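Fold and contact review
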Amino acid sequence: MAGGAVVNTSGGKDYPGRLTIFVFFTCVVAATGGLIFGYDIGISGGVTSMNPFLKKFFPEVYNKKQMKGSANQYCKYDNQLLQTFTSSLYLAALVSSFFAATVTRVVGRKWSMFTGGLTFLIGAALNGAAENIAMLIVGRILLGVGVGFANQLHLIITTIMILFINYST
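Position numbers for residues start from 1 in each chain and track the written sequence from start to end. Given that this is a predicted model, residues contribute local features only at a pLDDT of at least 70 and side-chain atom pairs are listed and counted only at 80 or more, while totals for whole chains, interfaces and linings are drawn from all residues. Side-chain measures here rest on the full set of heavy atoms in the structure, leaving out hydrogens and waters.

1. A few points about the packing of helix α6 (residues 80-107) against helix α7 (residues 109-128)
How we decide: An axis is simply a line fitted to the C-alpha atoms; with a helix, the fit covers only the stretch in contact. Between two such axes, the angle follows the N-to-C directions and lies from 0 to 180 degrees. Here a helix means four or more residues in a row that DSSP labels H or I, a strand means two or more in a row labelled E, and each is numbered from the N terminus. Angular relationships are summarised with four words: roughly parallel below 35 degrees, roughly antiparallel beyond 145, roughly perpendicular across 65 to 115, and oblique for the angles in between. Should any heavy atoms of two residues lie within 4.5 Å, those residues are counted as being in contact.
Relative to each other, α6 and α7 sit at 135°, their axes nearing to 7 Å. With respect to each other, α6 and α7 are oriented oblique. From α6, A100, V103, T104 and V107 reach across to α7, where they touch R109, W111 and S112.

Put into structure tokens, the structure is as follows:
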């Protein structure tokens, strides 16, 4: 059910500042922090179904996927290690989001966002250079910490965008 509100605008103060290019871009960067979360949701879904990735890191899943005669597509991806890989980001994001508020209060939003972005960057680099499952999971945990410190405003838009990227690749 829709609701409404009555706002008393009399007696309020006008903000003396004006919209500058710096203020505009700062707001855009802060508002699009959720792009990293949406990006990861879309990419991880596409990557975990790609044969070269499965062959290198999850050969059991790859073999199940290649079997003929299995009618249920979901059972092919039933693997605890693959589920740990996927969910480690979300669990780390959940836990770190509780600490992000405290960090933001202590050091400010700018450094909180910087910490999240840097952690996400390190996690992405680690995942890109991964040679084994442990590196993948540690990278995903760092990605989750970055997401926990970031904004989730553009989650849906980014997820749709990444679905098209996955489809085209």
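2. Some words on the UniProt feature "transmembrane region" (unreviewed entry) in the protein chain
Going by this rule: UniProt positions are given in the numbering used here, feature names are shortened, and annotations may be inferred rather than shown by experiment.
In the numbering used here, UniProt assigns the feature "transmembrane region" (unreviewed entry) to residues 19-39, 89-108, 120-143 and 149-167. Taken end to end, residues 89-108 comprises 95% helix and 0% strand; its first and last C-alpha atoms sit 24 Å apart. Helix makes up 83% of residues 120-143 and strand 0%, with an end-to-end C-alpha separation of 4 Å.

3. Digging into a nonpolar patch on the surface
Note the cut-off: Patch definition: residues above 30% relative accessible area lacking any salt bridge, with like charges linked at up to 9 Å and the nonpolar side chains Val, Leu, Ile, Met, Phe, Trp and Tyr linked at up to 5 Å. Here, Shrake-Rupley sampling with a 1.4 Å probe gives the accessible areas, and only protein chains in the shown set may cover a residue. The term salt bridge refers to a side-chain nitrogen of Lys or Arg lying within 4 Å of a carboxyl oxygen of Asp or Glu.
Together, L19, I21, F22, V23, F24, F25 and V28 line one region of the surface with nonpolar side chains, adding up to about 740 Å² of accessible area. Assignment of secondary structure puts F25 in helix α1 (residues 21-31).

4. What about helix α2 (residues 35-47)?
The condition that has to hold: A helix is expected to reach a length of 1.5 Å times the quantity of its residues less one. Three exposure classes are used, based on accessible area relative to the maximum for each residue type with a 1.4 Å probe and protein chains only: buried under 20%, partly exposed in between, and exposed over 50%.
With 13 residues, α2 should reach 18 Å at 1.5 Å per residue; the first-to-last C-alpha distance of 18 Å fits that figure. Every buried residue of α2 is accounted for by F37, G38, D40, G42, S44 and G46.

5. Focus: the packing of aromatic side chains
Where two aromatic rings form a pair, the distance of their centres and the angle of their planes describe that pair. Inclusion rule: Working definition: rings of Phe, Tyr and Trp (its six-membered ring) pair if their centres are within 6.5 Å, and the pair is stacked with planes under 30 degrees apart, edge-to-face with planes over 60 apart, and tilted otherwise.
Within this structure, the stated rule accounts for 6 aromatic pairs. Ring centres of F24 and F25 lie 5.5 Å apart, and the angle between their planes is 70°; this geometry places the pair in the edge-to-face category. Under the relative-accessibility criterion, F24 is labelled partly exposed at 42%. Classification of F25 by relative accessible area gives partly exposed; the value is 48%. Taken together through their ring pairs, the aromatic side chains of F53, F57, F58 and F85 make up a single cluster.

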